[in-house]
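As a plain string of letters, each chain reads:
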Amino acid sequence: MKKLFGEQRRQFLLEKIKASAQPMTGSELAALTSVSRQVIVGDMTLLKAKGEPILATSQGYLYLADRAIQEASRRIACRHQPEDTERELKLLVESGVTVKDVSIEHPVYGELTAGIHVANAQEVEAFMKRVHDTGASYLLELTDGTHLHTITASDHATLEKAVSVMRDNGFLLEETE
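If you're wondering where the values come from, they're calculated on a predicted model, not measured in any experiment.

Criteria and cut-off values
- Residues numbered from 1 in each chain as written.
- Predicted model: local features only at pLDDT ≥ 70, side-chain atom pairs only at ≥ 80, totals over all residues.
- Heavy atoms only, no water.
- Pairing = 2+ DSSP bridges.
- Helix = DSSP H or I, 4+ residues; strand = E, 2+ residues; numbered from the N terminus.
- Axes fitted to C-alpha atoms, helices over the stretch in contact; angles between N-to-C directions.
- Parallel < 35°, antiparallel > 145°, perpendicular 65-115°, else oblique.
- Left-handed = near helix turned anticlockwise from the far one by under 90°.
- Contact = heavy atoms within 4.5 Å.
- Nonpolar A, V, L, I, M, F, W, Y, C, P; charged D, E, K, R; others polar.

Student: Tell me about the pairing of strand S5 (residues 110-118), residues and numbers included.
Tutor: Within a regular strand, the side chains alternate between the two sheet faces. Sheet topology note: the strand S4 (residues 98-106)/S5 ladder contains 7 bridges and is antiparallel. Of the residues in S5, the one forming a bridge with Glu105 is Glu111. The turn joining S4 and S5, which pair antiparallel and follow one another in sequence, is formed by 3 residues.

Now the structure itself:
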């Protein structure tokens, strides 16, 4: 494919992610348009600024319009060490929830949130591989393991089941009297 420029490239990218049932990585999109991944990041930022419902996940870019929106959502406070991250995420997805993001309360920057968007064991494994391959740090390392997750599910009972599993496995941070 010949190199696309500016608005023509952004329109092409928008059509590609709209048509994809799975997230598309910046590298995949860069290869399709003969530009660098950094150019794609800039293009996605411009598309989001124009109001396009594009979500950057750890698996790639997703177009959110026309996707089924899960009905129930809850934020849970968790605490664990970095080496327990995979177990935590697998317990959550095995309970039937999607882990939408992770947040921490940073002393300088305030709340920092990063998208995770994992809904099954394969997505957790891909996320963990990406963390390992890049040498990235977990946000929880900035707060001695304390963090929040937004979890979503089709109903509140599934959310409660996930919370119970987190409590039973010692991951839930709860108030003590």
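Student: Lay out the pairing of strand S2 (residues 60-63) with the relevant residues and their values.
Tutor: In this structure, strand S1 (residues 54-57) lies alongside S2, joined through 4 bridges in antiparallel fashion. Paired with Ala56 across the bridge in S2 is Tyr61. Between S1 and S2, which pair antiparallel in sequence order, lie 2 residues.

Student: Provide a residue-level description of the packing of helix H4 (residues 85-94) against helix H5 (residues 121-134), including the pertinent values.
Tutor: For the pair H4 and H5, the least separation of the axes is 9 Å and the interaxial angle reads 160 degrees. Of the possible angle classes, the one that applies to H4 and H5 is roughly antiparallel. Crossing geometry of H4 relative to H5 is assigned as right-handed. Side by side, H4 and H5 meet where Thr85, Glu86, Leu89, Lys90 and Val93 of the first sit next to Ala121, Val124, Glu125, Phe127 and Met128 of the second. Grouping the constituent residues of the contact of H4 with H5 by class yields 6 nonpolar, 1 polar and 3 charged.

Student: Please give an account of the packing of helix H1 (residues 6-19) against helix H3 (residues 37-49) that cites residues and values.
Tutor: Their axes nearest at 10 Å, the elements H1 and H3 cross at an angle of 80 degrees. The angle between the axes of H1 and H3 places the two elements in the roughly perpendicular class. Here Arg9, Arg10, Leu13, Leu14 and Ile17 of H1 lie close against H3, whose contacting residues are Val39, Ile40, Asp43, Met44, Leu46 and Leu47. Its residues placed into classes, the contact of H1 with H3 shows 8 nonpolar, no polar and 3 charged.

These results come straight from atomic positions and should not be treated as a statement about function.
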